[in-house]
Amino acid sequence: MSCRSRFATLGGAAALAVLLALPAAGQSLKPDEVLSSIVVRPLSAPDPVRGADGRVHLAYELAVSNASAWYVRLDRLESVDASGNLLATLSGEGLTAMTHFYAGRDGAIAPGGSAVVFLDVSLDAGATLPAQVSARTTATRLKEENGTLVPDASDGPAPAVYTFTGAPVVPGPPAVVVAPPLRGKGWVAVSGCCDALTAHRGAILAINGRQVAPERFAIDWVKLQEDGHLFTGHGTRLADYAYYGDPILAAADGVVVNRYDEADEQVPGPDAKPTGIVPANIGGNMLVVDIGGGAYAFYAHLQRGSLKVGLGDRVKTGDVIGLLGNTGNSTAPHLHFHVMDGPSPLNASGLPYVFTRFSGQGTLSPGNEDELENGKKARIEPRLVGAMTDALPLNNQVVDFE
């Protein structure tokens, strides 16, 4: 066997053991260097946004890949500034709840597997924005014994539990300021940002070999009736939703750069299953408007034939640009709205935005979102209440747009 083929057989844990057994001269790591087994990288730098809670949020994601033959469990992830000062912490069940595992078991990433951790570094309104944010990660290497994953406590130079700091990001520019795209009272911010793994927050896509988070700050807007219900009857007819057909307003001045108007209405209801979905129509009938500064406003699931503008048309803030519908990947009438850094709704990174004004009624009680979709009445808790300016409505907040 040649030297080339002999060394080619050393991989994973074996290669690490050989590396650590080499003479110290020229091989040893510096005090701040750790054989981590995992690779941690940010999908993009976070842009600060002021939420309806009065706090400044840095919402972003860390992609974690396991480049070893061990299972690796993430025990703690601390967000720190350039001086190592603690900004936020995720650990235990809280960390697991904000992690999407692509391959693994028992809360651990499998050998060769990967995961994405969703971060929300929340700062006091008056706090100085950190010039840099890094991830201080504590993890455990695990091995399988009798079908159970246990810490690898073998007498090797690589400890089972270790901590390292990396994945630095520099916070970007402040959020885009836009006007509300709707009018009226009782609008619910479904699947909004920032501290829960919602359908939007967790929507990580791989496009042309690159991971993107297009819906990081997206909101599905549905409207409560005066009695607190989402619909009348069984909710299986479009007419059961009183807000179906409400006008959609341009949130900012801009130019229409993407448009689709070929999707028919889906049948709504608690047990609805959208049909005929392909990448081209997943957003239903939609508009993308270039609002300047590298930002694009996306309006989705509009009624077929209701779009008031064409490609290249200029729109002004407050213009009616379409009607609220139930097209594309939709189980009930709603407006999907978000801002992104490109004209493609899927191949883009979601950007934070704030609305110029709105009033908060409160926030849905935990679990009430699913109850609403099944015909139950809204249960609103007195959180995030009052008149607000230049803020982002947060997950499940109920707001009025005057």
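> Outline empty space enclosed by the protein, supporting the account with residue identities and numerical values.
One pass over the structure, following the stated rule, counts one cavity of 30 Å³ or more. Approximately 40 Å³ is the volume found for the largest cavity. Looking at the lining of the largest cavity, the elements that each hand over two or more residues are helix H3 (92-97) and strand S6 (99-101). In terms of residue class, the lining of the largest cavity is made up of three nonpolar, three polar and no charged.

> So what's going on with the state of the cysteines? Residues and values would help.
Evaluation of the coordinates by the stated rule reveals one disulfide. Here Cys193 is linked by a disulfide to Cys194, with a sulfur-sulfur distance of 2.1 Å. Given an S-S torsion of about 105°, the disulfide between Cys193 and Cys194 has right-handed geometry. Across this residue pair, the class does not change: Cys193 and Cys194 are buried.

> Give a detailed account of the packing of aromatic side chains, specifying residues and quantitative values.
A complete count under the given rule lists 12 aromatic pairs for this structure. Judged by centre distance (5.7 Å) and plane angle (90°), the rings of Phe355 and Phe401 are edge-to-face. With Phe355 in strand S26 (residues 353-364) and Phe401 in strand S29 (residues 397-401), this pair connects stretches of sequence that are 46 residues apart. Residue classification places Phe355 among the buried residues on the basis of a relative accessible area of 0%. For Phe401, a relative accessible area of 1% gives the class buried. Joined through ring pairs, the aromatic side chains of Trp221, Tyr299, Phe337, Tyr353, Phe355, Phe358 and Phe401 make up one cluster. Here the basic side chain of Arg105 rests over the ring of Tyr71, its NZ or CZ set 5.9 Å away from the ring centre.

What counts as what
Residues numbered from 1 in each chain as written. Predicted model: local features only at pLDDT ≥ 70, side-chain atom pairs only at ≥ 80, totals over all residues. Heavy atoms only, no water. 1 Å grid on protein atoms, 1.4 Å probe; cavity = no way out; pocket = protein on both sides within 12 Å on 5 of 7 lines; lining within 4 Å. Points joined across faces, edges and corners; volume = space filled by probe spheres on them. Helix = DSSP H or I, 4+ residues; strand = E, 2+ residues; numbered from the N terminus. Nonpolar A, V, L, I, M, F, W, Y, C, P; charged D, E, K, R; others polar. Disulfide = S-S within 2.5 Å. Buried < 20%, exposed > 50% of the residue type's maximum accessible area, 1.4 Å probe, protein only. Phe/Tyr/Trp six-rings, centres within 6.5 Å; stacked < 30°, edge-to-face > 60°. Lys NZ or Arg CZ within 6 Å of the ring centre and 35° of its normal.

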